[in-house]
Each structure stands twice: as structure tokens, then as C-alpha cells.
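# Residue-level structural notes
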Amino acid sequence: MTAEFVLNELFSVANPEKAAFLQRFFKTGPGQYAEGDVFLGLVVPLVRSIAKANKQTPLPELQVLIESKYHETRLCALLIVMEQFKKASPQERDLLYDFYLRNARYINNWDLVDVTCPHIVGVYLLDKDRSRLYELAESDNLWEQRIAMVSTVAFIRKGQFTDTLALAERLMTHKHDLMHKAVGWMLREVGKKDRNILTEFLEEYATRLPRTALRYAIEHYPEDQRQYFLKKK
């Protein structure tokens, strides 16, 4: 499997009309969060199918794909890494995890982060030291910070909330709305597993949480409890 082969498959199903819509949806204009990103116009299920068909693509070829200017090409590379990670040996997982974080600067939109980081970074760190997430949280790169936050959904699914809450505390005052949403989303996932843990956190931090994060976090609360926390703002 070569990068050129995968690129040809992606280009063969490109949709210029859909691409124009995605360029607007993902805020690619001057000064916007995804300034300069270029789309081919492919829906995620189609990119997934191409990734699965090319899941044996070696890392040197994936390096070519992940450096592409085309959004869906980078997504395809990341999805192939995901596919390989599922059945990889511990040593192979080390390489895939390192590849992912080494190329974090190319994982430069929220969908690229959200679709892939829990299944690679999060799963990899389930039984390992998690200090790398705190380093990412201190980065000046929005996407590395979002990787740190969203990767913790893998821990939440195992009933482990400590890192999610600690990172939420660190990132709750972030200036960007995309981080407010990520923090609120992860808090909501904690609440789905243990409402009491989330409630304790909100009792302490609701007044500091941005309204967007708070609304995401309390989405599944009864209306009276939602209003209780919203009135703290």
C-alpha cells in the first residue's frame, strides 16, 4: 500500500460542491480556527471505508498522507493508524502512539482530534503514566490541548475520572470556545457514569466554567438541577 494509491482513491471520489460546504463548516477562512485547511468533499464513512481497505499502509507512507494539505487525506492516515492500533503488539502500539503525537501539528481540526485520539492516545495510556497529557494541556497549540482533554474519554469508559477532572480544571478558562466544548463534553461523559462525581465538581467550579462548558456538562441533568447550576453563573 502506498500513499499515492490512497491519494488516488480519495481523489477519485472527491466532491467539489461538498468541499465548498465543508470549507465553510470547518471555519477555514482568514483568522478562523482552521485557516487554510483544504477539503476534498468526502463524508467520514467514505474515508473510513478507504482507510479500512488500506489498513496495511506502512508508517513511512502514512507520513506522506498526514502531511497532506487535504483534510480528508490526513483523516484517512489517522484512521489507518487507528485500524493498525486495534491489533498491534505492545511494541507496535508504542510506534503508533509516538507517530500520532509526533504528528500532532497535522491533527489540526476538531474532527481529526475527536474521531481518533481516544482510540489511540487514550487507549494506549490506560495502563501507563499519563503525564504526557498534562504536557499537551500546557501546549500553546489548541489541537494538542484538545487531544489532552478528549483522550480521557477512554479513561471515563473504564470508570477512571481523576485525569478528566484535573485536565478540565486546568483547561476550563481557555480562551477558545472549542476547548469550552471539549471540557463540557468530557464532564458530561463523567456525569453519565457517575452523576455524584460530576455534581461535586460542579458545586466547586460551576462559577468558573464558561457557560458553553457548563451547558454541555449539565445537558442530562433534570431541568431544576440545570437551572440551579446555570444561576450560579
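Above this text is the structure in question.
Residues numbered from 1 in each chain as written. Predicted model: local features only at pLDDT ≥ 70, side-chain atom pairs only at ≥ 80, totals over all residues. Heavy atoms only, no water.

Moving on, we get to the overall build of the protein chain. Regarding its fold elements, the protein chain presents 15 helices and 0 strands. The globule rule puts the C-alpha radius of gyration for 233 residues at 17 Å, and the 19 Å found for the protein chain is close to it. Burial analysis of the protein chain (233 residues in total) assigns 52% to the buried set. A separation threshold of at least 6 residues defines the contact pool for the protein chain, and within that pool the share at least 24 residues apart is 68%. Taken together, the 33 basic and 31 acidic charged side chains of the protein chain have centroids lying 5 Å from each other. (Helix = DSSP H or I, 4+ residues; strand = E, 2+ residues; numbered from the N terminus. Rg over C-alpha atoms; globule rule 2.2 N^0.38 Å. Buried < 20%, exposed > 50% of the residue type's maximum accessible area, 1.4 Å probe, protein only. Contact = heavy atoms within 4.5 Å. Lys, Arg positive; Asp, Glu negative; His and termini not counted. Charge placed at Lys NZ, Arg CZ, Asp CG, Glu CD.)

A separate point is the nonpolar core. Ranked by internal contacts, the top residues of the largest apolar core, which has 78 residues, are Tyr100, Leu133, Ile147, Met149, Val183, Leu187 and Leu202. With 9 residues, helix α5 (residues 71-86) is the largest single contributor of residues to this core. Beyond its immediate sequence surroundings of up to four residues, Met149 is in contact with Thr164, Leu167, Ala168, Leu171, Met179, Ala182, Val183 and Met186. (Core = buried A, V, L, I, M, F, W, Y, C linked by side-chain atoms within 4.5 Å.)

This paragraph deals with the packing of aromatic side chains. The tally for this structure, following the rule as stated, stands at 11 aromatic pairs. Arranged with centres 4.0 Å apart and planes meeting at 15 degrees, the rings of Tyr97 and Tyr124 form a pair that is stacked. Of this pair, Tyr97 sits in helix α6 (residues 90-102) while Tyr124 sits in helix α7 (residues 110-124); the two residues are 27 residues apart in sequence, bridging distant segments of the chain. Of the two residues, Tyr97 and Tyr124, neither departs from the other in class, the shared state being buried. Residues Phe201 and Tyr205 carry aromatic rings whose centres are separated by 4.7 Å and whose planes lie at 40 degrees to one another, so their mutual orientation is tilted. Residue Phe201 and its partner Tyr205 are both found in helix α13 (residues 195-205); the two are separated by 4 residues, about one turn of the helix. Considered together, Phe201 and Tyr205 belong to a single accessibility category, that of buried residues. (Phe/Tyr/Trp six-rings, centres within 6.5 Å; stacked < 30°, edge-to-face > 60°.)

Attention shifts here to the side chain of His174. Within the secondary structure, His174 sits in the loop between α11 (162-171) and α12 (177-193). A relative accessible area of 17% means that His174 is categorised as buried. A distance of 2.9 Å separates a polar atom in the side chain of His174 from the backbone nitrogen of His176. With residues near it in sequence (within four places) discarded, His174 still touches Leu142, Gln145, Met179 and His180. (Polar contact = N/O pair within 3.5 Å; in protein donor to acceptor, adjacent residues only side chain to side chain.)

All right, on to unusual backbone geometry then. For Lys27, which is not a glycine, the phi torsion comes out positive at approximately 55 degrees. Tracing the backbone through its elements, the reader meets Lys27 in the loop between α2 (16-25) and α3 (44-53).

A word on the packing of α12 against α13. How two helices pack is summed up by the angle between their axes together with the distance between the axes. One can describe the packing of α12 onto α13 by two numbers: an axis separation of 5 Å at closest approach and a directional angle of 135 degrees. With respect to α13, the axis of α12 lies oblique. Only Arg195, Ile197, Leu198 and Phe201 of α13 make contact with α12, whose side of the interface consists of Leu187, Val190, Gly191 and Lys193. Residues of the contact of α12 with α13, tallied by class, amount to 5 nonpolar, 1 polar and 2 charged. (Axes fitted to C-alpha atoms, helices over the stretch in contact; angles between N-to-C directions. Parallel < 35°, antiparallel > 145°, perpendicular 65-115°, else oblique. Nonpolar A, V, L, I, M, F, W, Y, C, P; charged D, E, K, R; others polar.)

Below, the discussion takes up the environment of Thr152. Looking at where Thr152 falls in the secondary structure, it is placed in the loop between α9 (142-150) and α10 (153-156). The spacing of Thr152 and Val190 is 38 residues in sequence and 10.0 Å in space, taken between C-alpha atoms. For Thr152, the contacting residues outside a window of four places in its chain are Leu133, Asp163, Thr164, Leu167 and Met186. A distance of 2.8 Å separates a polar side-chain atom of Thr152 from the backbone oxygen of Met149.

Geometry only, nothing functional implied.
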